[in-house]
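Residue strings, one per chain:
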Amino acid sequence: MFYEYIHNNPQWNLQINRQLEEIKENQKVKEDLKVAIPQLEKTKTWFQTWYDLGNMRERKEDFQLACAYFGLAQFYLSPDDQNKSAVVHKYLDNFYRSHSGINYKSYQVPY
């Protein structure tokens, strides 16, 4: 489950393993982790690293990976961070793109 050692920060290691559990054996994920892990030094680099990887995978139409990376990017953002809403929307957009075969019902929420 969360036992694979990816990063020396235990909380970050947990979140990476949790978010990537189902896809971390994917060769693209392994390559992306080689780029991401050395960059993860502070919470600010956490956001930027995963956000940049999410955008790169979105451009390559790897929507499942983009979704996972945007999920990681937003995790430590506070609710009042100006980036929170945008990255959550990118997470959701890529989630629906990666699950295009499912017929979801959509509802407008008045707030």
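Residues numbered from 1 in each chain as written. Predicted model: local features only at pLDDT ≥ 70, side-chain atom pairs only at ≥ 80, totals over all residues. Heavy atoms only, no water.

**Regarding the nonpolar core**
In this structure, Ile 16, Leu 20, Trp 50 and Tyr 69 are the most contacted members of the largest nonpolar core, which totals 23 residues. Elements that contribute at least two residues to this core include exactly α1 (10-20), α2 (27-39), α3 (43-59) and α4 (63-74). For this core, the leading source of residues is α4, giving seven residues. Residues in contact with Trp 50, not counting those within four places in the same chain, are Ile 16, Leu 33, Ala 36, Leu 40, Tyr 69, Leu 72 and Ala 73. (Core = buried A, V, L, I, M, F, W, Y, C linked by side-chain atoms within 4.5 Å. Buried < 20%, exposed > 50% of the residue type's maximum accessible area, 1.4 Å probe, protein only. Helix = DSSP H or I, 4+ residues; strand = E, 2+ residues; numbered from the N terminus. Contact = heavy atoms within 4.5 Å.)

**Observations concerning α1**
Buried within α1 we find Trp 12, Asn 13, Gln 15, Ile 16, Asn 17 and Leu 20. Residues of α1 that are buried make contact with α2, α3 and α4. Here α1 starts with a cap whose side-chain oxygen sits 3.0 Å from the backbone nitrogen of Gln 11, and that cap is Asn 9. (Polar contact = N/O pair within 3.5 Å; in protein donor to acceptor, adjacent residues only side chain to side chain.)

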